[in-house]
Amino acid sequence: MTFAHLRHRFLAPVFGLHLLFGVAGCDPAMDTRTALITQTLVDADRDLVATRPTLVAEKYQVMAQGLQPYLRGTALLFYRDLSRYQDSQASILHGTGAEQVQLYGDVHLENVGVTFDVSGALLDVIDFDATARGPFGWEVRRSALALRVALSLGGVTDSLLDAVVAQFGQSYATFINEQNQRQPPAVITVREQSETAGKIITDLLADGRKRNEQREELSQYTQVKDGVRLLLRNDDLVDMDEPWRSDLEQMLAQYRTSRHAGRGEDSNFRILDAVRKLHSGVASLPNLRFWVMVQGSPFPDTTEPDAGVWLLEFKEERDPPIPIGWLGRGPIGSNGERVYSGTLALLGSATSEADLGYVTWGGVSFQVRRVLRGRRDLDVAKLSERIASARYGNADLSNLATTLGRLVASGHARSGQASAIAAVLTASDGTGDAFVANLVQAVAIDQQRLERDLALFQSALAIRGPLLGARSN
Amino acid sequence: MKRTIGLLYRWRVISAATVSLGLLIGMWTQNATANPMRPETGLPYSADAQALLPPQSTNSPGQLQGAVGPLRLGILGDLFATYRLSSRQDQLFHDFELSRVQLSGWVSYESLAGVNITVDTVRSSSNRSYIGIDGDAILPRLKWAFAETTPWKHYLSLRAGIVPDLLLQYAEASWGFRAQGPTGLERDGLFSPGDLGATIEAALPYQIGSIAVQVGNGEGLAMREQNNGKNVTAALRMAVLRSAAPDLLLHFLFRDGSIGAGSAADRRASGGITYASAKLGVGSIATMALGYRGIGDRWAAHLSTWFRGELPVHFALLGRIDALWPDVADQSAVQLRLIGGVAYSLPALVRLIVSYEGTLPFGNLTTQVPALTEHALLIQAEVRL
């Protein structure tokens, strides 16, 4: 069936071509939005569909399970919807001096969590896979949407959701305006003791600290067998394929040349065991992840249990969801390098992520960092339960929005020009109130679109099969 | 019974097709003239038009050709070296770039059939990819690779393989400054230079033009086929002054197409005029896109108008305006691209071009990111074989 749209049909007789057209194949069973969703997702996963089809199918299955995983898996679609040539909903505040801010890339709640520096646990973004330089407005909109979506799953009313988004926007604008005159901009470090952190964040930091103290990554992912500590083997942790296992020594050596805290001593990087980690993440679910257990502490203290046994993760980094080709200079370095430099530019503490590094091996770009069970994220399912059970009240949600707004603003102020961003935020009314009002309205519409998209995606998956009809050869 | 009728019907169709093919082969004469060196069309000029064309100078491109027995062979090539200074997205950036190396080799056999293989260069990472081959190396790729036959004098041409687009090459030939950058039609995502498929083109009587039909995958040069739909394009070209000016053409084109795994509509309706000669090129092409950049229900519009003219002492002027309405429902949202420059031809092989290119958004496009505004100065050397 062709000429699926009635308003296109008049062209056939105009050109006298009724008989010729019948093979173009615009799918009449698929509305145009579903076609766009399908094309956007399949386009990005094309190579993975050919090489790791079961993992891509698993990713789509996970995405179909709810709004939060769907949000996580569709950053690419979000940025496509907000890029040039789209509808009026794609209007984004931007301006001179604020077009090339280092973006976290995808600040949804499950990418925010606990990290550790020399002073202990602190709140920060903990996943920088999507980091890139671009207009700050994209990130504000995406972060606000992610916050709204997460809280809506806890049964929060629309009016309260709008109020929380407004609080987020206000917090962002206020912090940027405060930094406007400061050079260098202040660094925000939110710790357990911070009075303004709010209950949700304080609970999260306490949970992360405890797990880190207990070194849960060892108790959860390893076991001692015949006096030797080895990584577990189960559905999630499987033996590494060749040639990766054989090349691991060389990959490790190359990684150490970029390691944030320096190359370290050889004695601290003796490989004890290695596995491939499966079923992690959503957008990055099909990506390669290798967990390597090494002997020796990277820190000078030798008081750690298990004589300094620790875990490293090699995580495949693919292209970011942001349309970088339109942003100016195009590719610079590898994806691992992009993530590494973006992370260092945005980290809330100069001494956190000491083991961060990158390596490109066998044509695959990896980020390398330490595996820590204490690196807890804001688990949306758990948060929803606690909101529904009234453990967290309205004030806690407001505090969360304030903290997140300041966190995002702090990163942008450090990597961009706070004065330029402030000028853009206040351009229309001199106060930033219009920015907040527009943000609330736009994000509410974004969430409606996301909910509709999820239904379309679920339907497409049911009709077109586990790979959305992508060709796998 | 129904089955028997069906089989009889099929047999008749097959028989008719076989007889037609036989007739076609019967009409195959020594007057047929395969024209694989011309990407615009497989149809050669008519004998009348050929007689009126100015003789090619020895400095014209495409002179590297010869004969081996019944075969004629030729090479066409060009190389564009670019220095670009641009202001965009808060960045003032300047770089040298080898913006294209293109090499066409063609062979024709006794003017009955021919082959064209054209290789150009691309950056090996796509515009969203950080990893290409050997970083982001410049790589050769097949741009066109088609077999061609002209079985009936200058009246009919068949092409199959990676075949050139039915409109874009006419626009390029008329614009004449591909070195400056792709035409607006290509840059704004309306047409791709080639596609895997086949083209049939027939000359209309009295040298008034031709009609062509192309069937292709629809995914252009960069992608394998993603869906079962095939693009069908029909083009009508009318030489309003017939053989007196065979390169003054009115174009009408309609493409029914789909793109991507989601089979999003990707239709085009274009109309315009082009004129191309050695000293002058002028043209204007208007396009409606029914389905644009993967949005199947989007109506977009585009108008590209250009001129080039040779001045005394080997100088030439060039100018172009591309206007894009990415959503015709919002007519105030327009992207305007302005190009103006001057060229100087060295005695042989090389042309130097200095041009300004500005991209300006209006209406809602001013609030969209990445920002559209760009100003660029290009200094280029074009080498043509």
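Residues numbered from 1 in each chain as written. Chains lettered and ligands numbered in written order. Predicted model: local features only at pLDDT ≥ 70, side-chain atom pairs only at ≥ 80, totals over all residues.

The interface of chain A with chain B comprises 58 residues on the first partner and 49 residues on the second. Every element with two or more residues in the side of chain A that touches chain B is listed here: α2 (11–15), α3 (32–44), α8 (136–152) and α13 (335–346) of chain A. Ranked by residue count, the leading element in the side of chain A that touches chain B is α3(A), at eight residues. Residues that form the side of chain A that touches chain B fall into these classes: 25 nonpolar, 24 polar and nine charged. (Contact = placed C-beta atoms within 7 Å. Helix = DSSP H or I, 4+ residues; strand = E, 2+ residues; numbered from the N terminus. Nonpolar A, V, L, I, M, F, W, Y, C, P; charged D, E, K, R; others polar.)

In this section: helix α12 (residues 244–256) of chain A. Because an α-helix completes one turn every 3.6 residues, residues spaced three or four positions apart along the sequence face the same direction. Residue and element names in this part refer to chain A. For α12, which comprises 13 residues, the first-to-last C-alpha distance of 17 Å matches the rise-based estimate of 18 Å (1.5 Å per residue) to within 8%. Restricting attention to buried positions, one finds in α12 the residues M251, L252, Y255 and R256. Tucked inside the fold, the buried residues of α12 contact β8 (270–277), β10 (309–316), β11 (357–361) and β12 (364–370). (Expected span 1.5 Å × (residues − 1). Buried ≥ 20, exposed ≤ 12 C-beta atoms within 10 Å, placed from the backbone.)

On to the confidence of the model for chain A, then. Residue and element names in this part refer to chain A. For chain A, per-residue confidence averages 90 on the pLDDT scale, and 90% of positions sit at 70 or higher. Averaged pLDDT values for the elements of chain A fall to 49 in helix α1 (residues 6–9) and rise to 98 in helix α6 (residues 67–73). A low-confidence stretch, residues 1–7 (pLDDT under 50), is modelled with 16 contacts involving residues beyond four sequence positions or located in other chains. Across residues 17–21 the pLDDT falls below 50, and counting only partners more than four positions away or on other chains, this stretch makes 13 contacts in the model. (pLDDT = per-residue confidence, 0-100.)

With that out of the way, let us pick up the pairing of strand β3 (residues 120–125) of chain A. For β3(A), a buried count of five out of six residues is recorded, marking the element as mostly surrounded by other parts of the structure. Hairpin connection of strand β2 (residues 112–117) of chain A to β3(A): two residues between the antiparallel strands. (Pairing = 2+ DSSP bridges.)

A separate point is the environment of G134(A). When you line up the elements, G134(A) lands in strand β4 (residues 132–134). For the pair formed by G134(A) and T222(A), sequence separation is 88 residues and the distance between their alpha carbons is 41 Å.

So, on to the nonpolar core. Membership of the largest hydrophobic core comes to 165 residues, with the highest contact counts inside it found for L147(A), V165(A), I176(A), V292(A) and L439(A). In terms of residues, this core owes the most to one element, α8(A), which gives ten residues. Discounting residues that sit within four places of it in the chain, V292(A) has contacts with L248(A), I271(A), A274(A), L311(A), L312(A) and F314(A). Listed in part, the five residues of the second largest apolar core include W144(B), F146(B), V163(B) and L196(B). (Core = buried A, V, L, I, M, F, W, Y, C linked by C-beta atoms within 7 Å.)

Here the focus is the packing of helix α9 (residues 158–179) of chain A against helix α17 (residues 433–464) of chain A. Residue and element names in this part refer to chain A. Viewed as axis vectors pointing N to C, α9 and α17 meet at an angle of 135°, and their least axial separation amounts to 9 Å. Between α9 and α17, the crossing angle belongs to the class labelled oblique. Classified by chirality, the crossing of α17 by α9 is right-handed. Between α9 and α17, the contacting residues are D162, V165, A166, G169, Q170 and A173 on the first element and F435, V436, L439, V440, V443 and A444 on the second. (Axes fitted to C-alpha atoms, helices over the stretch in contact; angles between N-to-C directions. Parallel < 35°, antiparallel > 145°, perpendicular 65-115°, else oblique. Left-handed = near helix turned anticlockwise from the far one by under 90°.)

This part covers the sheet that holds strand β7 (residues 237–239) of chain A. All names here are of chain A. Strand order in the open sheet made by the six strands is β7-β8-β9-β10-β12-β11, with antiparallel pairing throughout. On the outer flanks of this sheet lie β7 and β11, each paired with one strand and no other. On average, each strand axis in the sheet is inclined to that of its neighbour by 35°, with strand direction left out of account. Sheet topology places β8 next to strand β9 (residues 289–295); six bridges connect them, and they run antiparallel. What sits directly across from D273, in β9, is M293.

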